[in-house]
Amino acid sequence: MVVIGGPSSQLLAGRVAAILGEELAMADYKVFPDGEAYSQVATALGDEVTVIQSTPTDRDIIYLMQLLDICQGKKISLVIPYFGYARQDKIFKSGEPMTARAVAHALNPFLGEGSRVYTINIHARTVLDHFKPWSQNLDATLLLSQALARMDLMKPVVISPDKGAVLMAQEAAKGLGAECDYLQKTRLSGTEVSMAPKEINVSGRDVVIVDDMIATGGTMATAISMLKAQGAVMVFLATVHPVLTGNALIKLYRSGVEAVVATDTLDKGVSTVSVAPLIAQAIRANRA
Ligand code: R5P
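Nothing here was measured: the structure is a model prediction, and the numbers come from that model.

**Observations regarding the layout of surface pockets**
Now for step 1: Taken as a whole, the largest pocket encloses approximately 600 Å³ of empty space.
Now for step 2: As for the largest pocket, its lining consists of 26 residues, of which H123, G164, A165, D211 and D212 are closest to the centre.
Now for step 3: Listed by contribution, the elements that provide at least two residues to the lining of the largest pocket are helix 5 (166–176), strand 12 (207–214) and helix 6 (218–229).
Now for step 4: Here the residues of the lining of the largest pocket are counted per class, giving 9 nonpolar, 9 polar and 8 charged.
Now for step 5: Looking at the lining of the largest pocket, you find at least three residues from each of domain 1 (2–139 + 274–287) and domain 2 (141–264).

**Side note on the nonpolar core**
Now for step 1: V158, V208, V210 and I279 are the most contacted members of the largest nonpolar core, which has 39 residues in total.
Now for step 2: For this core, the two domains that each supply at least three residues are domain 1 (2–139 + 274–287) and domain 2 (141–264).
Now for step 3: By size, the runner-up hydrophobic cluster in this structure holds 31 residues, among which are Y29, Y63, F83 and L107.

**Here we look at the domain arrangement of the protein**
Now for step 1: What the domain assignment lists for the protein is domain 1 (2–139 + 274–287) and domain 2 (141–264).
Now for step 2: Here domain 1 and domain 2 have C-alpha centroids that lie 29 Å from each other.
Now for step 3: Contact with domain 1, which involves 13 residues of that partner, is made by 12 residues of domain 2.
Now for step 4: Taking both sides of the interface into account, the surface hidden between domain 1 and domain 2 amounts to around 1,100 Å²; carbon and sulfur atoms contribute 56%.
Now for step 5: Summed over the shared surface of domain 1 and domain 2, the result is 1 salt bridge.
Now for step 6: In this structure, D264 and R15 form a salt bridge, with 2.7 Å as the shortest nitrogen-oxygen distance.

**So, the sheet that holds strand 14 (residues 259–263)**
Now for step 1: Spatial ordering of the open sheet is given by 11-10-9-12-13-14-15, a layout of 7 strands whose pairing is mixed. Looking at the sheet topology across the chains shown, the edges are occupied by strand 11 (193–197) and strand 15 (271–273). On average, each strand axis in the sheet is inclined to that of its neighbour by 35 degrees, with strand direction left out of account.
Now for step 2: Here strand 9 (residues 157–160) runs beside strand 12; their pairing, made up of 3 bridges, is parallel. Bridge assignment links V158 to a residue of strand 12, and that residue is V208.
Now for step 3: Helix-sheet contacts for helix 4 (residues 141–149) involve strand 12, strand 13 (235–242), strand 14 and strand 15, and the interaxial angle to strand 14 is about 145 degrees.
Now for step 4: Where helix 6 meets the sheet, its contacts fall on strand 10 (179–187), strand 11, strand 12 and strand 13, and the angle it forms with strand 12 comes to roughly 170 degrees.

**Remarks on the sheet that holds strand 1 (residues 2–5)**
Now for step 1: Within the open sheet, the 6 strands sit side by side as 2-1-5-6-7-8. Their pairing is parallel. The open sheet terminates on both sides in strands that have one partner only, identified here as strand 2 (23–24) and strand 8 (134–138).
Now for step 2: Contacting strand 1, strand 2 and strand 5 (48–52), helix 1 (residues 10–20) runs over the sheet at an angle of about 170 degrees to strand 1.
Now for step 3: Of the strands in this sheet, strand 5, strand 6 (75–80), strand 7 (116–120) and strand 8 touch helix 8 (residues 276–287), which is tilted by about 150 degrees from strand 8.

Conventions and cut-offs
Residues numbered from 1 in each chain as written. Predicted model: local features only at pLDDT ≥ 70, side-chain atom pairs only at ≥ 80, totals over all residues. Heavy atoms only, no water. 1 Å grid on protein atoms, 1.4 Å probe; cavity = no way out; pocket = protein on both sides within 12 Å on 5 of 7 lines; lining within 4 Å. Points joined across faces, edges and corners; volume = space filled by probe spheres on them. Helix = DSSP H or I, 4+ residues; strand = E, 2+ residues; numbered from the N terminus. Nonpolar A, V, L, I, M, F, W, Y, C, P; charged D, E, K, R; others polar. Domains from an automatic or database assignment. Core = buried A, V, L, I, M, F, W, Y, C linked by side-chain atoms within 4.5 Å. Buried < 20%, exposed > 50% of the residue type's maximum accessible area, 1.4 Å probe, protein only. Contact = heavy atoms within 4.5 Å. Buried area = accessible area lost by both parts, 1.4 Å probe. Salt bridge = Lys/Arg side-chain N within 4 Å of Asp/Glu carboxyl O. Pairing = 2+ DSSP bridges. Axes fitted to C-alpha atoms, helices over the stretch in contact; angles between N-to-C directions.

Written as structure tokens, this is what we have:
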């Protein structure tokens with residue numbers, strides 16, 4: 001079987017192919033002068049293929065559609081490690097689209113019988129309901145906590161920046177044998193908000209803030225400053241998806257973060273934890 005890596009998931013696809021012992025397809029991607037995307041897969045494909053492509057940008061969605069079109073009629077294991085637009089999972093205001101649903105619906109026609117869809121720590125699991133084929137969301141939290149466990153943290157506390165990531169933080173805390181809490185926001189004025197762990201005093205302890213993604217880094221930067229002011233010794237960030245737009249890393253390091261630990265669902269400098277074993281294991285298990 002052949003693994004096809006989209007332009008935003010080349011490294012991850014290479015790692016998955018190596019674990020599965022399968023061929024990594026030769027593929028070429030470019031952009032025409034008018035901005036249109038171009039893809040070509042030069043390797044001969046059998047009846048079953050694995051396509052791996054994160055979609056952090058709109059162009060990445062087009063590349064993914066092109067790859068799926070190349071694979072039409074085949075049984076496809078589609079892995080979207082980072083699914084962009086997953087935060088637009090509801091119609092928040094009347095007149096808005098549910099973009100996560102629109103993207104899933106755009107991909108469905110390419111996914112014939114026997115195809116499967118995999119995501120990793122997707123922001124809202126309900127997004128998977130919009131896919132026609134069988135789908136599975138894989139959880140990379142254990143991989144993150146294994147990496148954190150190697151860091152020799154002092155009396156660590158795992159903190160979720162909001163109630164939304166509490167389950168993930170609890171899972172990471174279990175893996176680390178640490179206590180867990182979430183940040184509670186208190187509005188001090190029209191412009192000022194204070195954040196503190198609901199129960200635990202972080203003074204004199206190392207803290208790990210866990211979230212599914214870091215985008216602008218705004219949420220995390222505020223949380224780091226507040227926790228440091230409350231006496232936390234070292235503050236680490238652990239995230240599955242290092243989207244890290246613009247100057248996110250500058251904001252985080254200016255706030256005093258010790259290190260950012262992230263996975264390779266997006267290939268960034270901080271992507272030191274690979275989700276390739278998780279993907280390979282799921283693909284193998286579902287083929288058996
Ligand atoms: C939101 O619900 C997510 O889990 C993240 O907390 C959020 O997307 C982070 O965004 P930013 O890095 O822009 O603060």
